[in-house]
Amino acid sequence: MDQDQYDGDGNYMPQEDDWDRDLLLDPAWEKQQRKTFTAWCNSHLRKAGTQIENIEEDFRDGLKLMLLLEVISGERLAKPERGKMRVHKISNVNKALDFIASKGVKLVSIGAEEIVDGNAKMTLGMIWTIILRFAIQDISVEETSAKEGLLLWCQRKTAPYKNVNIQNFHISWKDGLGFCALIHRHRPELIDYGKLRKDDPMTNLNTAFDVAEKYLDIPKMLDAEDIISTLRPDEKAVMTYVSCYYHAFSGKQKAETAANRICKVLAVNQENEQLMEDYEKLATDLLEWIRRTIPWLENRLPENTMQAMQQKLEDFRDYRRLHKPPKVQEKCQLEINFNTLQTKLRLSNRPAFMPSEGKMVSDINNAWGNLEGAEKGYEEWLLNEIRRLERLDHLAEKFRQKAAIHEAWTEGKEEMLQKRDYETASLSEIKALLKKHEAFESDLAAHQDRVEQIAAIAQELNELDYYDSPSVNARCQRICDQWDALGALTQKRSEALQRTEKLLETIDQLYLEFAKRAAPFNNWMEGAMEDLQDTFIVHTIEEIQGLSTAHEQFKATLPEADKERQAILGIHNEIAKIVQTYHVNMAGTNPYTTINPQEINAKWDKVRQLVPQRDQALIEEHARQQNNERLRRQFANQANVIGPWIQTKMEEIGRISIEMHGTLEDQLTHLRQYEKSIVNYKPKIDQLEGDHQLIQEALIFDNKHTNYTMEHIRVGWEQLLTTIARTINEIENQILTRDAKGISQEQLNEFRASFNHFDRKRSGIMDAEDFKTCLISIGYNLGENEFSRIMSIVDPNRMGIVTFQAFIDFMSRETADTDTADQVMASFKVLAGDKNYILADELRRELPPDQAEYCIARMAPYTGPDGVPGALDYMSFSTALYGESDL
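Parameters at a glance
- Within every chain, residues take consecutive numbers counted from 1 along the sequence as written.
- Restriction of local features to residues with pLDDT of at least 70 applies here, the model being predicted, together with a cutoff of 80 or more for giving and counting side-chain atom pairs; totals for whole chains, interfaces and linings are based on all residues.
- Note: side-chain values were computed over all heavy atoms of the structure, leaving out hydrogens and water.
- Salt bridges are identified by distance alone: a Lys or Arg side-chain nitrogen within 4 Å of an Asp or Glu carboxyl oxygen.
- In this text, helices come from DSSP runs of H or I with a minimum length of four residues, and strands from runs of E with a minimum of two, each type numbered from the N-terminal end.
- Between rings of Phe, Tyr and Trp, where Trp is taken as its six-membered ring, a pair exists when centres lie within 6.5 Å; planes separated by under 30 degrees are stacked, by over 60 edge-to-face, and by other angles tilted.
- Throughout this description, buried means an accessible area under 20% of the type-specific maximum (1.4 Å probe, protein chains only), exposed means over 50%, and partly exposed covers the range between.
- Whether two residues are in contact is decided by their heavy atoms: any pair within 4.5 Å suffices.
- Method remark: on a 1 Å grid restricted to protein atoms, a set of points is classed as a cavity if a 1.4 Å probe fits but cannot get out and as a pocket if it is open with protein on both sides within 12 Å along at least five of seven lines; lining residues have an atom within 4 Å of a point.
- Grid points are joined across faces, edges and corners, and a volume is the space filled by probe spheres set on the points.
- Charged means Asp, Glu, Lys or Arg here, nonpolar means Ala, Val, Leu, Ile, Met, Phe, Trp, Tyr, Cys or Pro, and polar covers whatever is left, Gly included.
- Residue types Ala, Val, Leu, Ile, Met, Phe, Trp, Tyr and Cys, when buried and joined through side-chain atoms within 4.5 Å, form a set referred to as a nonpolar core.
- Working rule for helices: expected span equals 1.5 Å times residues minus one.
- It is the directions from the helix axis to the C-beta atoms that the arc portrays.
- Here the bend at a residue is taken as the angle between two axes, fitted respectively to the seven residues that end there and the seven that start there.
- Fitted lines through C-alpha atoms give the axes, limited to the stretch in contact for helices. The angle between two N-to-C directions lies from 0 to 180 degrees.
- Every angle not falling under 35 degrees, over 145, or within 65 to 115 is termed oblique; those three ranges are roughly parallel, roughly antiparallel and roughly perpendicular.
- Crossing handedness is read from the near helix: turned anticlockwise from the far helix by less than a right angle, it gives a left-handed crossing, and turned clockwise, a right-handed one.
- Each residue carries a pLDDT score, the predictor's confidence in it, ranging from 0 to 100.

Enquirer: I'd like to hear about the pattern of salt bridges, residue by residue, with values.
Expert: If you walk through the whole model with that rule in mind, you get 47 salt bridges. Where Glu-81 meets Lys-95, a salt bridge forms, and the shortest distance between an N and an O atom there is 3.9 Å. Here Glu-81 is found in the loop between helix 3 (63-73) and helix 4 (86-102), whereas its partner Lys-95 is found in helix 4, with 14 residues between them in sequence. Through salt bridges with shared partners, a single ionic network connects Arg-320, Lys-324, Glu-372, Glu-375 and Glu-379.

Enquirer: How would you explain the packing of aromatic side chains if you had to name every residue and give the values?
Expert: For the structure shown, the criterion picks out 30 aromatic pairs. The interplanar angle of 85° and the centroid separation of 5.3 Å between the aromatic rings of Phe-209 and Tyr-241 together place this pair among those described as edge-to-face. Pair noted here: Phe-209 is in helix 9 (residues 201-215) and Tyr-241 is in helix 11 (residues 235-249), with a separation of 32 residues, a long-range link. You can call Phe-209 buried: its relative accessible area is 1%.

Enquirer: Could you give me a rundown of the side chain of Arg-493, with the residues and numbers involved?
Expert: By the element assignment, Arg-493 lies in helix 18 (residues 469-533). Excluding residues within four positions of it along the chain, Arg-493 makes contact with Met-416, Leu-417, Lys-419, Asp-421, Tyr-422, Leu-433 and His-437.

Enquirer: For empty space enclosed by the protein, give the residues involved together with the corresponding values.
Expert: Enumeration over the complete set of coordinates arrives at 3 cavities of 30 Å³ or more. The calculated volume of the second largest cavity comes to roughly 50 Å³. Contributing to the lining of the second largest cavity are Lys-31, Gln-32, Lys-35, Thr-36, Met-221, Leu-222, Asp-223, Asp-226 and Ile-227. Counting residues per element, the ones that place at least two in the lining of the second largest cavity are helix 1 (27-45) and helix 10 (224-229). Sort the elements by how many residues they give to the lining of the second largest cavity and helix 1 lands first, with 4 residues. Classifying every residue of the lining of the second largest cavity by side-chain character gives 3 nonpolar, 2 polar and 4 charged.

Enquirer: Outline the nonpolar core, supporting the account with residue identities and numerical values.
Expert: With 79 residues, the main nonpolar core has Trp-40, Ile-130, Phe-179, Ile-183 and Tyr-245 as its most contacted residues. Judged by nonpolar contacts, the second largest core, of 48 residues, contains Leu-671, Tyr-674, Leu-688 and Cys-774.

Enquirer: Can you break down unusual backbone geometry residue by residue, with the values?
Expert: In this structure, Asn-163 is a non-glycine residue whose phi angle is positive, near 65°. Its relative accessible area of 47% is what places Asn-163 among the partly exposed residues. Phi is positive for Asp-217, which is not a glycine, with a value near 60°. Within the element layout of this structure, Asp-217 appears in the loop between helix 9 and helix 10. Assessed through its relative accessible area of 54%, Asp-217 is described here as exposed.

Enquirer: Go over the environment of Asp-61, please, and point to the residues and values.
Expert: Relative to the elements of secondary structure, Asp-61 occurs in the loop between helix 2 (55-58) and helix 3. Sequence-wise, Asp-61 and Val-87 are 26 residues apart; in three dimensions their C-alpha atoms are separated by 9.6 Å. Those residues in contact with Asp-61 that sit more than four places away from it in its chain are Lys-89 and Asn-92.

Enquirer: Could you give me a rundown of helix 23 (residues 682-697), with the residues and numbers involved?
Expert: Between the first and last C-alpha of helix 23 there are 23 Å, a value that for 16 residues agrees with the 22 Å anticipated at 1.5 Å per step. When helix 23 is considered as a whole, its buried residues turn out to be Ile-685, Leu-688, Asp-691, His-692 and Ile-695. The buried residues of helix 23 occupy an angular sector of 120° when the element is viewed end-on, so they sit on one face. Set apart from the buried face of helix 23 by more than 90 degrees, the exposed residues are Pro-683 and Glu-697. Positive backbone phi, approximately 60°, marks Leu-699, located one or two places after helix 23.

Enquirer: How would you explain helix 13 (residues 306-347) if you had to name every residue and give the values?
Expert: Along its 42 residues, helix 13 runs 59 Å from first to last C-alpha, staying within 8% of the 62 Å computed at 1.5 Å per residue. Residue Lys-324 marks the point of greatest curvature in helix 13, where the axis turns by about 45°; the proline Pro-325 follows within four residues. Two residues or fewer after helix 13 comes Asn-349, characterised by a positive phi angle close to 60°.

Enquirer: Pulling in residues and values, what's your account of the packing of helix 17 (residues 448-463) against helix 18?
Expert: Where helix 17 contacts helix 18, the axes come no closer than 10 Å and their chain directions differ by 160°. With respect to each other, helix 17 and helix 18 are oriented roughly antiparallel. Considering only the axes of helix 17 and helix 18, their crossing is left-handed. Contacts from Gln-448, Val-451, Ile-454, Ala-455, Ala-458, Leu-461 and Asn-462 of helix 17 reach helix 18 at Ser-469, Val-472, Asn-473, Cys-476, Ile-479 and Trp-483.

Enquirer: Now, about the confidence of the model for the chain: what can you tell me, with residues and values included?
Expert: Chain-level statistics for the chain give a pLDDT mean of 81 and a share of 87% at 70 or above. Here residues 1-24 is a poorly scored stretch, pLDDT under 50, and it has 65 contacts once near neighbours within four places are set aside; other chains count. Across residues 882-887, where pLDDT falls below 50, the model places 8 contacts with residues more than four positions away in sequence or in other chains.

Enquirer: Break down the packing of helix 7 (residues 146-158) against helix 11 for me, citing the residues and quoting the values.
Expert: Contact pair helix 7 / helix 11: the axes reach a minimum separation of 11 Å and the direction vectors enclose 65°. Taken together, the axes of helix 7 and helix 11 lie roughly perpendicular to each other. Considering the relative orientation of helix 7 and helix 11, their crossing is left-handed. Facing Lys-147, Leu-150, Trp-153 and Cys-154 of helix 7, the residues of helix 11 in contact are Glu-235, Met-239, Val-242, Ser-243, Tyr-245, Tyr-246 and Phe-249. In terms of residue class, the contact of helix 7 with helix 11 is made up of 8 nonpolar, 1 polar and 2 charged.

And the structure:
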């Protein structure tokens with residue numbers, strides 16, 4: 001709220017800054033407040049037949065102040081002091097202030113002495129506090145109260161009216177339309193709102209004030225002139241006046257309140273009557289339920305079984321858990337309803353309620369006590385009966401458990417003992433069955449004590465007259481009869497197992513003998529079949545002859561193998577005789593081997609069948625190897641001639657290219673004649689290719705008669721043709737170089753002699769190290785950079801080798817470069833003059849183009865004296881031409 005607040009205890013209090021004794025009120029506001037507060041006080045004091053004229057003077061003795069509070073609160077205050085002394089006045093004012101404080105209002109900075117002294121500001125503040133508490137605070141509209149509630153009420157009431165916009169309690173009311181709208185909203189017959197104009201606030205205000213005073217009994221608390229002439233009318237004065245409108249128009253609500261009060265009284269009477277009816281019904285139902293339940297609780301008929309008694313106990317627990325709690329709640333609710341009803345009747349000044357006969361609360365309590373007594377006795381009887389039956393059930397349960405365990409153990413035992421599984425079992429299985437039977441006999445003996453215990457418990461139950469003794473006796477008799485039968489069957493099975501064991505041990509020995517002899521014989525036959533069917537791969541006559549010899553040796557062992565076969569089959573026949581004589585049911589096979597007589601005979605027949613097939617295959621392979629040997633010798637005879645011939649021709653060509661016999665033209669003529677003789681040898685190569693094809697078709701992969709393969713011959717032949725063609729080409733290039741450079745035959749011979757000397761591998765080429773040694777021997781003093789430059793000329797493909805042709809090209813060019821260098825040096829001495837260096841442009845201007853560009857190319861890596869770029873002095877020029885060694 002803008003003007004008030006509440007402390008932490010919920011007590012209403014005005015804000016301290018509303019009335020600060022150190023601040024002065026605006027004179028216009030103070031005038032408005034004096035008139036408004038005075039009129040408001042008189043509107044209440046006239047009900048007591050008095051009024052005030054001067055607000056700060058007439059309240060000084062406290063008498064009219066106390067009277068005002070009694071009128072607006074409707075309560076009596078303490079008796080006032082009638083004396084005229086100051087102390088009496090202060091006492092009266094304090095009583096008034098204490099009463100205000102008792103209503104939850106904290107008076108800040110307002111004391112009795114100041115009111116008695118006639119302090120106008122404090123008096124106005126006190127009256128404003130009273131107005132807030134008794135005229136404004138209780139206003140409530142849509143969950144808002146006090147000032148906000150009053151403002152919201154004004155906004156809701158004036159919302160339909162044009163030119164009315166209530167946002168506060170000062171300037172929103174200056175044009176008077178707000179007051180007129182409130183009157184018209186509740187009493188439209190009093191004001192013709194349509195004729196009012198917003199630009200005529202004086203008429204609007206006076207109309208509202210006059211109508212409110214005449215028809216609504218609201219005194220004039222404001223002056224139209226004061227409101228219009230003030231820039232911002234006093235908020236407290238406007239709020240006080242507007243609150244009178246609220247209370248005047250809220251009178252209609254009082255009538256509604258009175259009607260509601262009558263309805264409330266009637267509703268209370270109806271509610272009381274309903275409570276009486278509810279009590280009677282609840283009491284009747286509860287007593288009827290108690291009447292029906294007590295006989296059930298007094299029933300003490302015992303049961304024979306624990307299950308039946310447990311069911312009774314469970315029913316009793318259900319009664320306690322499900323049926324009784326709702327009745328306890330009903331009984332409690334009955335007493336609550338009775339007390340509530342009596343209280344309401346007493347508060348309504350009505351006679352006390354008297355229930356029907358036998359339905360008093362005391363009657364119900366007595367019946368309830370009888371119920372709980374029967375309930376307690378029934379519970380004790382149930383527990384005693386359960387303990388009694390528990391003792392009998394313990395013995396019966398013990399009998400059942402032991403009988404169940406024994407029956408579970410014996411289940412299937414008769415069927416097991418009557419099995420004839422030993423008739424189809426092997427020896428190992430018979431021995432296992434014997435061990436298992438011995439273990440069963442031990443187990444059988446151990447169960448003797450349990451059978452005796454079962455019989456003893458059954459006897460005890462008979463002596464205690466157990467209700468289900470007949471079934472116990474019958475079960476005990478079945479167990480004893482079954483026990484005797486198990487003993488007889490156990491003895492019979494033991495004898496059958498021992499007899500079968502002896503027969504199977506004999507058969508097992510024969511099985512073992514059969515397995516020991518059949519396994520190696522079977523392995524021999526399988527190995528023989530594998531060897532006889534093995535696809536042999538041979539490449540020579542010697543290999544096929546070795547296979548034939550081994551085959552003949554194998555055939556010599558067949559008669560002895562047949563004797564062993566007959567002996568093994570004899571063992572099997574003996575086993576069959578024993579089985580037939582003693583009627584042994586041989587469900588299984590020989591446990592020591594999977595080999596059987598049928599398999600042995602089948603494999604033996606297969607071996608006899610494969611022997612002649614192997615004979616024929618060896619004969620055919622022998623013939624094929626003889627033909628392969630002929631083809632090997634035929635190819636070898638030719639390859640052993642052609643291979644050496646190619647090698648010889650390669651060596652001769654190498655010598656021709658290195659030796660220096662005659663002129664280059666003579667060497668070229670000789671090489672071409674050589675090439676022709678080589679080409680004429682081609683038919684012999686073709687014939688050898690034909691023989692090689694026959695060898696490949698016969699799948700011959702080696703030939704001990706020669707070291708030459710067709711691949712070697714082909715590669716040699718291709719190298720021979722390539723070498724003669726390359727050698728002829730080199731001679732032709734040498735002739736071209738000689739003619740182009742003007743090299744004499746003597747020089748050419750010298751180049752060849754130098755090249756051959758440093759060609760240490762005699763391969764017709766020099767590697768980089770040999771070439772470097774050659775250059776040094778003829779006068780070159782090489783650094784790494786210079787040698788790299790030369791290698792880039794003679795070996796542009798960076799293969800690391802130098803051919804004779806590249807060597808001739810380089811040597812002929814270097815000879816020509818030396819002559820050019822001498823000419824350029826002479827020109828340099830003339831052109832340099834006194835400055836001892838020359839610029840590139842001077843070289844181009846004075847020298848022939850080829851000499852100038854030669855010098856410029858050599859001067860690129862150097863800088864002239866004094867940092868002159870692109871210039872050479874004498875020493876730098878010499879270094880560029882001849883290298884570091886000439887400096």
